[in-house]
Amino acid sequence: MEIFHLDQGSAPLLISLPHDGSYVPDDIAARMHPAARRSPDTDWHVARLYAPLAKALGASLLRPTASRYVVDLNRPADGHALYPGRRETGLVSTIGFDGEPLYREGEPDAAEVQRRVNDFWHPYHAALQQELARLRGLHGRVVLWEGHSIRSRVPMLFEGRLPDLNLGTAAGASCSPALQQRLEAVLSAQDHFDFVVNGRFKGGYITRQYGRPNEGVDAVQLEMTQCNYMDEDSFALDEAKAAVLRKAIEPLLRACLA
């Protein structure tokens, strides 16, 4: 099984989709509840949203094969909490976004967690680091764009309905002020989707870890609500809605290349 797929581009932009994968290996799935085997907390179809844009812009696109239930690539490898004091899923989570247990038996122990980190987490991050280094070597600077999506209502994680577009820059630490201003201007210029900057989702581990604007790497996370491009119950893509959302994403990516 391929651990990840990397389509290399030539522009100074790497789009990372760490929760796009939905595959759960048979030995893991056999211990999970039937509902969990569907990997319902996947960032469904984000590769289908971003792939045409990456190709048009010459950006690199990195995405994993395995589900976040195998190991969460957007969590630190040592498992420390991203949002201390809040309930959240972890590096190798045992609960889903609904708060329900994923496993009916045989929850992963420390040794299994480490194996998953070695087998899935490290290869993805090695590829991410190498591609950032390659693009920065070509251009001097590079933007890392973290593409995510989530159900519009997840009571365990936030109250009420999440805004359509949630831009995160680790409260301004992961990218230059100029890039954040350009992205905010793009969002403000459209009126189809509501948005927030550095709200509930300020940027996960990848954004925080690799965003080093003083060293030539700007990192930005965009969390999108899934109701704007798919059916949140069946997980089916709505092509018409997806086309509208894609048109809103494109100028944000272009702003990264300005």
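Everything that follows concerns the structure shown earlier in this document.
(A) Here's a closer look at the overall build of the protein. Counting its regular elements, the protein contains 7 helices and 7 strands. Listing every helix and strand of the protein by position from the N terminus yields β-β-α-α-α-β-α-β-β-α-β-α-β-α. Its C-alpha atoms give the protein a radius of gyration of 17 Å, within 12% of the compact-globule value 18 Å for 258 residues. In terms of its C-alpha atoms, the protein occupies a principal-axis envelope of roughly 50 × 40 × 35 Å. With 258 residues in all, the protein has 55% of them scored as buried. Counted over contacts in the protein with a minimum sequence separation of 6, partners at least 24 positions apart contribute 79%. About 11100 Å² of surface is accessible on the protein, with carbon and sulfur atoms providing 50% of the total. For the protein, the distance from the average position of its 28 positive side-chain charges to the average position of its 33 negative side-chain charges is 3 Å.

(B) View of the pairing of strand β5 (residues 165-168). Across the two faces of β5 the burial is the same, with L165 and L167 and N166 and G168 all buried. Pairing analysis gives 3 bridges linking β5 to strand β6 (residues 195-197), with the strands arranged parallel. Directly across from L167, in β6, lies its bridge partner V197. Taking the sense of rotation as the criterion, the β-α-β connection linking β5, helix α5 (residues 177-189) and β6 turns out right-handed. Strand direction decides the pairing type here: β5 and strand β7 (residues 217-225), joined by 4 bridges, are antiparallel. Among the inter-strand pairings, L165 is bridged to a residue of β7, identified as M224.

(C) Fine view of unusual backbone geometry. Located in the positive-phi region is A170, a residue other than glycine, with phi close to 50°. Within the secondary structure, A170 is located in the loop between β5 and α5.

(D) The arrangement of the sheet that holds β5 in detail. The strand order across the open sheet formed by 7 strands is β1-β3-β2-β4-β7-β5-β6, and the pairing between neighbours is mixed. Looking at strand neighbours, the two that pair on one side only are β1 (4-7) and β6, the edges of this open sheet. Each adjacent strand pair in this sheet contributes to an overall mean axis angle of 15°, direction not counted. Bridge count between strand β2 (residues 13-16) and strand β3 (residues 60-64): 3 bridges; the pairing is parallel. Bridging across to β3, S16 finds its partner in L62. Along the sheet face, helix α7 (residues 239-256) touches β2, β4 (142-150), β5 and β7 and points at about 155° away from the line of β4.

(E) Up close: the pairing of β7. The element β7 is extensively covered by neighbouring structure, given that 9 of its 9 residues are classed as buried. Where β4 and β7 come together, 9 bridges link them in parallel fashion. In the sheet register, W145 faces β7, and the bridge partner there is V220.

(F) Representation of the environment of D231. Tracing the backbone through its elements, the reader meets D231 in the loop between β7 and α7. Placed 138 residues apart in sequence, D231 and S93 show a C-alpha to C-alpha distance of 25 Å. At 2.8 Å, the side chain of D231 forms a polar contact with the backbone nitrogen of D233.

(G) Geometry of the packing of α5 against α7. At a closest axis distance of 9 Å, the pairing of α5 and α7 adopts a crossing angle of 160°. As the angle between them shows, α5 and α7 are arranged roughly antiparallel. Here the hand of the crossing between α5 and α7 comes out right-handed. Only P251, L252, A255 and C256 of α7 make contact with α5, whose side of the interface consists of L179, R182, L183, V186 and L187. Its residues assigned to classes, the contact of α5 with α7 shows 8 nonpolar, no polar and 1 charged.

(H) The nonpolar core, seen in detail. Grouped together as the largest cluster of nonpolar side chains are 42 residues, with contacts concentrated most on M32, V71, L128, L132, L144 and I150. Those elements giving two or more residues to this core turn out to be α1 (26-29), α4 (110-139), β4, α6 (205-210) and β7. The element best represented in this core is α4, accounting for 8 residues. Among all residues touching L144, those that are not within four sequence positions of it are L14, S16, L128, L132, I206, Y210, D218, A219 and V220. Among the nonpolar cores identified, the runner-up in size contains 37 residues, and L49, A54, V220 and Y229 belong to it.

(I) Structural context of the environment of D194. Secondary-structure assignment places D194 in the loop between α5 and β6. Distance in space between the C-alpha atoms of D194 and S174 is 23 Å, their sequence separation being 20 residues. Here D194 is in contact with R161, P163, D164 and L165, once residues within four sequence places are set aside. Of note is the side chain of D194, whose polar atom sits 2.7 Å from the backbone nitrogen of D164.

Parameters at a glance
Residues numbered from 1 in each chain as written. Predicted model: local features only at pLDDT ≥ 70, side-chain atom pairs only at ≥ 80, totals over all residues. Heavy atoms only, no water. Helix = DSSP H or I, 4+ residues; strand = E, 2+ residues; numbered from the N terminus. Rg over C-alpha atoms; globule rule 2.2 N^0.38 Å. Buried < 20%, exposed > 50% of the residue type's maximum accessible area, 1.4 Å probe, protein only. Contact = heavy atoms within 4.5 Å. Areas by Shrake-Rupley, 256 points an atom, 1.4 Å probe, with all protein chains shown as cover. Lys, Arg positive; Asp, Glu negative; His and termini not counted. Charge placed at Lys NZ, Arg CZ, Asp CG, Glu CD. Pairing = 2+ DSSP bridges. Right-handed = clockwise from strand over helix to strand, strands pointing away. Axes fitted to C-alpha atoms, helices over the stretch in contact; angles between N-to-C directions. Polar contact = N/O pair within 3.5 Å; in protein donor to acceptor, adjacent residues only side chain to side chain. Parallel < 35°, antiparallel > 145°, perpendicular 65-115°, else oblique. Left-handed = near helix turned anticlockwise from the far one by under 90°. Nonpolar A, V, L, I, M, F, W, Y, C, P; charged D, E, K, R; others polar. Core = buried A, V, L, I, M, F, W, Y, C linked by side-chain atoms within 4.5 Å.

Function-wise, these values are silent; they only describe arrangement.
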